[in-house]
Amino acid sequence: MILIITKPVFFAGEGERIGDMLMGDEADKIHIRKPGASMSEMERLLQSIPSELYPRLVMHDCFRLAVSYGVGGIHLNRRNTVLPCGWEGQVSISCHSLEELEECRKKSYDYMSLSPIFDSISKKGYHSMFTREQLMEARRKGIIDHRVMALGGVTFARVEEVMAMGFGGAMILGDAWR
């Protein structure tokens, strides 16, 4: 599974680019992550994306819009930890350690991200937290499996590598928007 995370800032033609990525099968889902964006900014972005693609979008913020627009998923993180009342779509969550991932696996999330797997492309100074050996051991123990997505420094060229480490997919940010 390939999941792409939006750039943190808005840019001209973004909705069209998101539509192209989903319709061209560059991505299975797009995570809309815009820390600090207003509800109206997020709504404008959603309105610029073809509505038939909403089920393949995942919101990191402005969860009310996810409900009203019929977006397919919500991603919980340190900024947003509570699901909106009545939410029935997919739920994913961010994890930043193997211990945190183990705890999250006990809950009913559809999938979890683990980061940073490699040194980040988009966040300066955000370095890998894991050795390949630690990740392979986590796979052997069943901590990393098809529900865990690799994030952090993941490029399209590294998708096969993360799949070989036992991840269910890759979350790509920096490489997707170059």
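Before any of the text, the structure's been laid out above.
First, a word on scope: everything that follows refers to the structure included in this document.

In this model, Ser 115 is joined to Pro 116 through a cis peptide bond whose omega is -5°. You can see Pro 116 is positioned in the loop between β6 (111–114) and α5 (132–140). Phi at Asp 25 takes a positive value of approximately 60°, unusual for a residue other than glycine. Structurally, Asp 25 can be placed in the loop between α1 (14–23) and β2 (29–32).

Let's shift gears to the environment of Asp 20. Take Asp 20: it is sitting in helix α1. In this structure the C-alpha to C-alpha distance between Asp 20 and Pro 50, which are 30 residues apart in sequence, comes to 9.9 Å.

Counting 61 residues, the largest nonpolar core has Leu 57, Met 59, Leu 114 and Phe 167 as its most contacted members. Not counting residues within four places of it along the chain, the set of residues in contact with Leu 57 comprises Ile 18, Leu 22, Ile 30, Ile 32, Leu 46, Ile 49, Val 71, Gly 72 and Gly 73.

Mapped onto the elements, Val 82 comes out in the loop between β4 (73–76) and β5 (90–95). Classification of Val 82 as exposed rests on a relative accessible area of 61%. The sequence separation of Val 82 and Met 136 amounts to 54 residues, and the corresponding C-alpha distance is 32 Å. With residues near it in sequence (within four places) discarded, Val 82 still touches Phe 63 and Leu 76.

The subject of this paragraph is the sheet that holds β2. Hydrogen bonds between backbone atoms are what pair the strands of a sheet, whose relative direction is either parallel or antiparallel. Ordered by their spatial adjacency, eight strands build a closed barrel running β1-β2-β3-β4-β5-β6-β7-β8, and the pairing between neighbours is parallel. The sheet shows a mean angle of 25° between the axes of neighbouring strands, taken without regard to direction. For β2 and strand β3 (residues 57–59), the ladder comprises three bridges, and the chain directions are parallel. Looking across to β3, one finds that Ile 32 is bridged to Met 59.

What the rule picks out here adds up to two aromatic pairs. Here the aromatic rings of Phe 11 and Trp 177 are separated by 5.6 Å at their centres, their planes lie at 70°, and the arrangement is edge-to-face. In this pair, Phe 11 is assigned in the loop between β1 (2–5) and α1 and Trp 177 in the segment after β8 (169–172), connecting sequence segments 166 residues apart. Directly above the ring of Phe 10 sits Lys 34, whose terminal nitrogen or CZ lies 4.8 Å from the centroid.

Attention shifts here to the side chain of Asn 80. Mapped onto the elements, Asn 80 comes out in the loop between β4 and β5. Within the structure, the side chain of Asn 80 is placed 2.6 Å from the side chain of Asp 61, a separation counted as a polar contact. Ignoring sequence-local partners within four residues, the contact set of Asn 80 consists of His 60, Asp 61 and Phe 63.

Rules of the game
- Residues numbered from 1 in each chain as written.
- Predicted model: local features only at pLDDT ≥ 70, side-chain atom pairs only at ≥ 80, totals over all residues.
- Heavy atoms only, no water.
- Helix = DSSP H or I, 4+ residues; strand = E, 2+ residues; numbered from the N terminus.
- Core = buried A, V, L, I, M, F, W, Y, C linked by side-chain atoms within 4.5 Å.
- Buried < 20%, exposed > 50% of the residue type's maximum accessible area, 1.4 Å probe, protein only.
- Contact = heavy atoms within 4.5 Å.
- Pairing = 2+ DSSP bridges.
- Axes fitted to C-alpha atoms, helices over the stretch in contact; angles between N-to-C directions.
- Phe/Tyr/Trp six-rings, centres within 6.5 Å; stacked < 30°, edge-to-face > 60°.
- Lys NZ or Arg CZ within 6 Å of the ring centre and 35° of its normal.
- Polar contact = N/O pair within 3.5 Å; in protein donor to acceptor, adjacent residues only side chain to side chain.

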